[in-house]
Amino acid sequence: MKVAILGCGTEGRRVAQLLAKVDAVSSLILADKNKETASQTANKIGEKAVARQVDVTEPESLRSFFDETDVVFNGVGPYYKYVYGVLEAAIEKRVHYVDINDDCDAVEKVFSNPNYDALAKEAGITALCCIGGTPGLMNVLAKHGTLQMEKATAIHCCWVSMYWGREAPTVTDHMLHCLNGEVTQFLGGTFTKVMPFSGNETIKLLNPIGPIDSIEVSYCGHSEPITLGRFIPGLEEATLKFSCYEQDAINMLEQLAKYGFADQKPVEGLAETPAAYLAKYMASPEGMPYFNITPLYEREAYKGVDPVGVVMQVEVIGESDGQRVRVVHEVHDKGGLTIANSAAIAIEGIVRGEITARGVVAPEACIDTSAFLRRIAEVKGVTLYEEKE
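Given the structure is predicted, the values throughout are model-derived calculations rather than measurements. Residue positions within a chain follow its written sequence, with the count starting from 1. Owing to the predicted nature of the model, reporting of local features is limited to residues with pLDDT of at least 70; listing and counting of side-chain atom pairs is limited to 80 or more, with chain, interface and lining totals taken over all residues. Each side-chain value is worked out from all heavy atoms of the structure, with water and hydrogens disregarded.

Describing the pattern of salt bridges
Condition: A pair is scored as a salt bridge if a Lys or Arg side-chain nitrogen falls within 4 Å of a carboxyl oxygen belonging to Asp or Glu. Numbered from the N terminus, helices here are DSSP runs of H or I no shorter than four residues, and strands are runs of E no shorter than two.
Counting across every chain of the model gives 18 salt bridges. We note a salt bridge from Glu11 to Arg14, for which the minimum N-O separation is 3.7 Å. With a gap of 3 residues between them, Glu11 and Arg14 both fall in helix α1 (residues 10-19), about one helical turn apart. The shortest N-O distance in the salt bridge between Lys121 and Asp117 comes to 3.1 Å. Separated by 4 residues within a single helix, Lys121 and Asp117 lie in helix α6 (residues 114-123), roughly one turn from each other. Each of Glu315, Arg324, Arg326, Glu387 and Glu389 takes part in a single network of salt bridges with overlapping partners.

Take a look at the structure:
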């Protein structure tokens, strides 16, 4: 099968490099708004790859491009702006679709609109959304946990990362989006709006990171509760919380959100939204000194500690034989490696005919969890832990 990579940023490049090694992928079409960006990646991959210039905001360009491929990976963000047109074009052209959509509002709109699912089924395609690290791998771990009990009633997901730094404006913009306004959780068997930074609790790590054996987390806008609440039957609760290792980063983000700097609505008289301005200002020479947070591993207490970029933990609670069962999975990801690897494994599954679900689906609805987790466990820099009681 021919696979297209739409968007040749960090994750698009990584997915392309992983798929270049898959024999069932006959060719890779690398597309970006900037053709030079696509060409650089294609040249590194070699004869299996070709470059194209595609602007996702131009429907005709997008639809013409889809004539060349069987599967498309959509790596163009932010998803709250661009997912709809790309997904609609894939359905129209009967092309299997995969993304790593982690914008909760965009995910909510896609999954709450029955037309997307109905049209994708009619087209005979798999539209697999949200298959990165978080969301993605965490959804697979959640489903895997439910398979170890007769009935699951609650799934609690959380992720903790190093502060991404003021030099990463796209990440800052995304996180401000996740922390703006009310966000959706699945509570009491229904989708419920809560405020970011609320619902504080302390989680205990299965495997400590140096002196860190527990950390406080709170609600964040992400897609896990939105899809888990739909695709795991019998659930009463599905939540997503987050934190940074650096508490001063969390304090800063909370204050910025409190005073409106996470707002992504246009403001009359301003050229940019508050969030867009802030993300650029934090990355500028003028703004950097005001947002100077020392990374965890540069602090005296953590020198010599083996860095772990992201920790993901999924707790599943339920019952078997009338007894309470609790299963916890934890992932230590040294460098965001689970994002591209999860997407690439899923794309390979579609190419090889191992993922057969049709319609708009989430990872927990269509992936063989055991096989998937075996592949993830082979990724250098990623470690999985499990506890059951």
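Focus: the packing of helix α4 (residues 79-92) against helix α5 (residues 104-112)
Helix packing geometry: the angle between the two helix axes and the distance between the axes. Under the convention used in this document: Note on geometry: axes are lines fitted to C-alpha atoms, helical ones only across the stretch in contact, with angles between N-to-C directions running from 0 to 180 degrees. Our angle categories are set so that under 35 degrees counts as roughly parallel, over 145 as roughly antiparallel, 65 to 115 as roughly perpendicular, and the remainder as oblique. By definition in these notes, contact holds between two residues if any of their heavy atoms fall within 4.5 Å. Charged residues are taken to be Asp, Glu, Lys and Arg, nonpolar residues to be Ala, Val, Leu, Ile, Met, Phe, Trp, Tyr, Cys and Pro, and polar residues to be all remaining types, Gly included.
At a minimum axis distance of 8 Å, the contact between α4 and α5 shows a crossing angle of 30 degrees. By the angle class used here, α4 and α5 are roughly parallel. Along the contact surface, α4 presents Tyr79, Tyr80, Val83, Tyr84 and Leu87, while α5 presents Asp105, Ala106, Lys109 and Val110. Of the residues contributing to the contact of α4 with α5, the split by class is 7 nonpolar, no polar and 2 charged.

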